[in-house]
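Remarks on the overall topology
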Amino acid sequence: MSSTLERHAVAVGELLVGEGPAVVIGDRVSLRAHPAETDAYEVLREARGLPGTPGAWDARGLPGGLAVEGDPEGARAGVGAREGAAVVLAEPRTAADLPAIAALADAVVVGAAWTRDIPLVRAAAELGLPVVVERRAGAPLEEWLGLADYCAVEGDGRVILCERGPLDLGLLRAARTASGRPVLADVSADPGLSPAAVAAGADGLIVHAPAHLRLAPAFPYGTPPLPRGGAVRRGTGQGASDAEVEALTAWRVAEEAVTVVGALLRPESPATIPECRAAIDRVDAALATLLERRAALAGTVQRLKPVGGFAGRDLARERALVARMALRAPSLGEARLAPVMNAVIEAGLHLAEERARHL
């Protein structure tokens, strides 16, 4: 078992995994899922959403129309041309896939199904990319971390753990604590586990959301809204399939988890103004979510109270509430929290009265 307790962070494309906010990765491409004769370069170009592939977006955020031509040395042309480019994790079928992965992927995956294929594991680790080590089904913690250590020695040390399949969140937390390495949770099979995975300490979530669904002009918190009246395939105007709607929904669930749950549980130390503003945005998103829930509960209690609305305010209870909150926010204290909570309470009461008038 690894004895490395210092926390590591690993850059995967434009994402930093292991420090700061949890991340969402939308493409874990398994070349094993494609026929043996498939061109690995073609599969990975499409996964990246490179110009010339279905649904690709160019540097201006417009549908791309230029094919990526040339030899493998030019295969990454266009990668990173726009902020938010797809981050791709790629699992090889054989060692023959590794040149394409080196050219077009951001990390190589040591798949859970073949962790005992040591020659292929070694070749993947030596590729020069970050290595994502999945846990073999039923493998104990010691085996998982031992394989990660082996990949770190054979490669350049950039190793990320990944829990996949039926998630053992307790084991995920133990692996993160024992190794100090970043840990991803692949929630593709059950996106509803995203909040639990972030709460358990996952540094990132993997969901399957094709690049053409995600790579679009920037929207708040990174996910574009579905158009009213039904989803459309970006750049084509055609109706999206059920699978595409499901994939984008899974992406949103994962982003909501890293935003809201992450803001509550993950410490951040932003070093720049943009990083600080992004962290504030995440906290504000969590705050808005809680305020919406509080307003709903306030409406319920107004209906249950003998005297509701402003006439039924319990000022002693409100003072006690502020005092309890000050224990959690000592830097603000009661004097600063009191007007904040008064505004929150009054907003909830106004909303409850408006809704009562429309019943």
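Everything that follows concerns the structure shown earlier in this document.
First things first, this report covers the structure right here in the doc. (Residues numbered from 1 in each chain as written. Predicted model: local features only at pLDDT ≥ 70, side-chain atom pairs only at ≥ 80, totals over all residues. Heavy atoms only, no water.)

Let us look at the overall build of the protein chain. Counting its regular elements, the protein chain contains eleven helices and ten strands. Within the protein chain, the proportion of its 359 residues that are buried is 43%. Carbon and sulfur atoms make up 58% of the accessible area of the protein chain, which totals about 18400 Å². (Helix = DSSP H or I, 4+ residues; strand = E, 2+ residues; numbered from the N terminus. Buried < 20%, exposed > 50% of the residue type's maximum accessible area, 1.4 Å probe, protein only. Areas by Shrake-Rupley, 256 points an atom, 1.4 Å probe, with all protein chains shown as cover.)

What follows deals with the pairing of strand 6 (residues 107–110). Side chains Ala107 and Val109 of strand 6 all project onto a buried face; the interleaved residues Val108 and Val110 project onto the opposite face, where all are buried too. Pairing analysis gives two bridges linking strand 5 (residues 88–91) to strand 6, with the strands arranged parallel. Directly across from Ala90, in strand 6, lies its bridge partner Val108. The handedness of the strand 5 to strand 6 crossover, carried by helix 2 (residues 98–104), is right-handed. As paired strands, strand 6 and strand 7 (residues 131–134) are joined by three bridges and run parallel to one another. Bridge pairing in strand 7 links Val108 to Val131. With respect to chirality, the unit in which strand 6 leads through helix 3 (residues 118–125) into the neighbouring parallel strand 7 is right-handed. (Pairing = 2+ DSSP bridges. Right-handed = clockwise from strand over helix to strand, strands pointing away.)

Relative to the 20 Å expected for 14 residues at 1.5 Å per residue, helix 4 (residues 141–154) spans 20 Å between its end C-alpha atoms, a close match to the ideal helical length. Considered for burial, the residues of helix 4 that qualify are Leu141, Trp144, Leu145, Leu147, Ala148, Cys151 and Ala152. Projected down its long axis, helix 4 shows its buried positions confined to an angular sector of 155°, all on one face. (Expected span 1.5 Å × (residues − 1). Arc of directions from axis to C-beta.)

Strands pair in a sheet through their backbones, by hydrogen bonds, and they do so in one of two ways: parallel or antiparallel. Spatially, 3-10-9-8-7-6-5-4 is the arrangement adopted by the eight strands of the open sheet, whose pairing is parallel. The open sheet has two edge strands with one neighbour each: strand 3 (23–25) and strand 4 (27–30). Across the sheet, the axes of successive neighbouring strands diverge by a mean angle of 30°, strand direction being ignored. Pairing analysis gives three bridges linking strand 3 to strand 10 (residues 204–206), with the strands arranged parallel. Looking across to strand 10, one finds that Val23 is bridged to Gly204. The strands that helix 5 (residues 169–179) touches are strand 8 (159–163) and strand 9 (183–186); relative to strand 9, the one it contacts most, it runs at about 165°. (Axes fitted to C-alpha atoms, helices over the stretch in contact; angles between N-to-C directions. Contact = heavy atoms within 4.5 Å.)

Here we take up a nonpolar patch on the surface. The grouping of Leu264, Leu265 and Leu290 at the surface amounts to a nonpolar patch, some 300 Å² of accessible area in total. Mapped onto the elements of the fold, Leu264 is located in helix 8 (residues 242–265). Owing to a relative accessible area of 55%, Leu264 belongs among the exposed residues under this scheme. (Patch = residues over 30% accessible without salt bridge, like charges linked within 9 Å, V, L, I, M, F, W, Y side chains within 5 Å. Salt bridge = Lys/Arg side-chain N within 4 Å of Asp/Glu carboxyl O.)

Another aspect to go through is the pattern of salt bridges. Enumeration according to the criterion identifies 16 salt bridges in this entry. Residue Arg136 is joined to Glu143 by a salt bridge in which the shortest nitrogen-to-oxygen separation is 2.8 Å. Residue Arg136 is classed as partly exposed on the basis of its relative accessible area of 22%. Residue Asp203 pairs with Arg176 through a salt bridge whose shortest N-O separation is 3.0 Å. Taken together, the positions of Asp203 in the loop between helix 6 (194–199) and strand 10 and Arg176 in helix 5 put the pair 27 residues apart, joining distant regions of the chain. On the basis of relative accessible area, Asp203 is assigned to the buried category, the value being 0%. Residue Arg176 is classed as partly exposed on the basis of its relative accessible area of 22%. Each member of the salt-bridge network shares a partner with another, and the members are Arg28, Arg32, Glu91, Glu134, Arg164 and Asp186.

Another aspect to go through is the environment of Val159. With respect to the secondary-structure elements, Val159 resides in strand 8. The buried category is assigned to Val159, whose relative accessible area is 2%. Spatially, the C-alpha atoms of Val159 and His8 are 9.1 Å apart, while their sequence positions differ by 151 residues. Apart from residues lying up to four places away in sequence, Val159 is in contact with Val10, Val131, Val133, Ala148, Cys151, Ala152, Arg181 and Pro182.

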